[in-house]
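# Breakdown of the fold
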Amino acid sequence: MKATKEQIIIKRKKKNVKIFPIYKTVSWDLLFYFPIIFLFLTQVKGFSASQVLFADAFYTLSNTFWQIPVTSVVDRIGKKNCLIIGNILYSLSILAMIFMQNYYELLIIQFIYALGYSIKGICESNILYDSLPAGKKRGRIYSTIDGKSSSYFYIFDAISSVIAGFTFTINGYIPMVLCFLCCIACTIISFKFRHTELVEEKVKPVSFKEYSKQLKGAIKFFVKSDRIKLLILLNALFLGLTVGIVNLRSSMLSEMLVPEAYFGIIFAILQLSAAITARNSEKIHKMFRNKTLTYLTLPVTLSCIVIGFVGTDTLSKSSLLVIVFMFLIQYAIKGPYRALMSRYINNFTNRNIRPKLTALNYLLSNLLTAAISLSCSWLLSITTTANTFMIIGCVTTILAVLLLDYMRGKVGLKPDQYSKEDLKYSTYKPQKKA
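All of the points below concern the structure found in this document. (Residues numbered from 1 in each chain as written. Predicted model: local features only at pLDDT ≥ 70, side-chain atom pairs only at ≥ 80, totals over all residues. Heavy atoms only, no water.)

Our focus in this paragraph is the overall build of the protein. For the protein, the helix and strand inventory stands at 16 helices and zero strands. Within the span of the protein, comprising 434 residues, buried residues form 49% of the whole. Within the protein, residue pairs in contact and separated by at least 24 positions form 85% of the contacts whose partners lie at least 6 positions apart. A total accessible area of about 21700 Å² is found for the protein, and carbon and sulfur atoms account for 65% of it. (Helix = DSSP H or I, 4+ residues; strand = E, 2+ residues; numbered from the N terminus. Buried < 20%, exposed > 50% of the residue type's maximum accessible area, 1.4 Å probe, protein only. Contact = heavy atoms within 4.5 Å. Areas by Shrake-Rupley, 256 points an atom, 1.4 Å probe, with all protein chains shown as cover.)

Structure follows, in structure tokens:
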């Protein structure tokens, strides 16, 4: 008996759900790459720390540039096809980085890498969500599968970090080749996904004009809603700091003469701490309630100041232990922060406004990340990594304190305490007072 179209679609969806955890374990981010990329670019390719930080900022700006055109392309040619293209671009970027000869080539590679990242970011989670049965349980099932897949990735990433550190001491190109092979594996797995068609909801391609119109609506809501405005600004500050100092950490360890083999071990421990705390985000929310964002944000900004103060003594083992402990705090907080902030932003919003707020949040975070990366690049060209950490830490602490203080009475309230503008896109309707 010949299967019906609906039965074929259901079969394809089940296969996608089965493949997704395997795919995400090796593809959520670049494996073997981040623990050694700073060392690879500075020691193997001969670039300065300032140039590496500038390349990071250029990548972030490129990511922002690609977001709008990529959204339209994904709608037109499909998520599976785009996912394959994104992984191919990833693979080509790493291969080109291995053979590049000058700094301008690195910037071109970052531009292409950003395109691949933008495509993958849009497609990956949506492929899983589209493959799950529609209904009330879809969100819960999605969170369960995605959460387990993330845990598998963290474990695999920790193992690959250790291997990357030790193999780099043998030959600086080995971790990059391993990273390239993982990208090839991701590309092969992405071919295994199947096209699906949701019978209950058919999405029309979004034109540039329509996307711009939707974004304007989100900006208008952002300007008028104190709650959304403050949450997105604080989130942009936090993400801008944590992403902007990724290679600054490696620069600090390098200045303290930490052997390359230990880079992987240190970053493996940091990743595992993020994995553990990410699983306990709900407990953290219940523990701190309205003070959650304060207890998550300020320790990260203040830790940068401590790193800058302690890092002036680059030959002290006790200073190194304190700095690694500060890194540990930053990663442990990063784990639950993203899940909780996403939850807070999405509270009291409907499904129509959420994607637009996500886009706005993404744009502001990228712009601030680029600003911090550029600032770090400039500071590293005139001073030490320790001083750079201290300056960035002081500035972000001041901004965080101002935002958190302004949040009092505007964020973390009960539904009926918010203004009509804050609840404009909420299904909750405050009761009229007698």
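This brings us to the packing of helix H9 (residues 226–244) against helix H16 (residues 385–407). For the pair H9 and H16, interaxial distance at closest approach is 10 Å and the crossing angle is 160°. Of the possible angle classes, the one that applies to H9 and H16 is roughly antiparallel. Relative to H16, H9 is oriented so that their crossing is left-handed. Counted together, Leu230, Leu231, Leu233, Leu234, Leu237 and Leu241 of H9 and Ile392, Thr396, Leu399, Ala400, Leu403, Leu404, Tyr406 and Met407 of H16 form the full contact between these two elements. (Axes fitted to C-alpha atoms, helices over the stretch in contact; angles between N-to-C directions. Parallel < 35°, antiparallel > 145°, perpendicular 65-115°, else oblique. Left-handed = near helix turned anticlockwise from the far one by under 90°.)

Here the focus is the packing of aromatic side chains. Under the criterion given, the structure shown has 15 aromatic pairs. For the ring pair Tyr33 and Tyr113, a centre distance of 6.5 Å and an interplane angle of 50° mean the geometry is tilted. Here Tyr113 lies in helix H5 (residues 103–130) and Tyr33 lies in the loop between helix H1 (5–27) and helix H2 (37–44), a separation of 80 residues in the sequence. Pair check on accessibility: Tyr33 and Tyr113 agree, each one buried. Centroid distance Phe288 to Tyr295: 4.7 Å. Interplanar angle 40°. Geometry classified as tilted. Joined through ring pairs, the aromatic side chains of Tyr33, Phe34, Tyr59, Tyr90, Tyr113 and Tyr117 make up one cluster. Directly above the ring of Tyr90 sits Lys120, whose terminal nitrogen or CZ lies 4.9 Å from the centroid. For Arg249, the ring lying beneath its charged end belongs to Phe327, and the centroid distance is 5.9 Å. (Phe/Tyr/Trp six-rings, centres within 6.5 Å; stacked < 30°, edge-to-face > 60°. Lys NZ or Arg CZ within 6 Å of the ring centre and 35° of its normal.)

Attention shifts here to the state of the cysteines. By definition, a disulfide links two cysteine residues through a covalent bond between their sulfur atoms. Per the stated rule, a full pass over the model turns up zero disulfides. Summary of cysteine pairing: Cys394 is not part of a disulfide, and the nearest cysteine sulfur, belonging to Cys304, is at 9.8 Å. (Disulfide = S-S within 2.5 Å.)

Further remarks concern the nonpolar core. Of all hydrophobic cores here, the largest spans 111 residues; its most connected members are Ile94, Met97, Met176 and Leu293. Looking at which element gives the most residues to this core, the answer is H5, with 11 residues. With near-sequence residues (within four places) excluded, Met176 lies in contact with Tyr33, Ile36, Ile37, Phe40, Ile94, Met97 and Ile98. (Core = buried A, V, L, I, M, F, W, Y, C linked by side-chain atoms within 4.5 Å.)

A few words now on a nonpolar patch on the surface. A contiguous nonpolar surface patch, about 450 Å² in accessible area, is contributed by Ile391, Val395, Ile398, Leu399 and Leu402. Secondary-structure assignment places Ile391 in helix H16. (Patch = residues over 30% accessible without salt bridge, like charges linked within 9 Å, V, L, I, M, F, W, Y side chains within 5 Å. Salt bridge = Lys/Arg side-chain N within 4 Å of Asp/Glu carboxyl O.)

A few words now on unusual backbone geometry. Positioned with a positive phi, Phe32 is a non-glycine residue whose angle comes to about 70°. For Phe32, the position within the fold is in the loop between H1 and H2. Positive phi values are uncommon outside glycine, yet Leu257 reaches one of about 60°. Among the structural elements, Leu257 can be located in the loop between helix H10 (246–255) and helix H11 (260–278).

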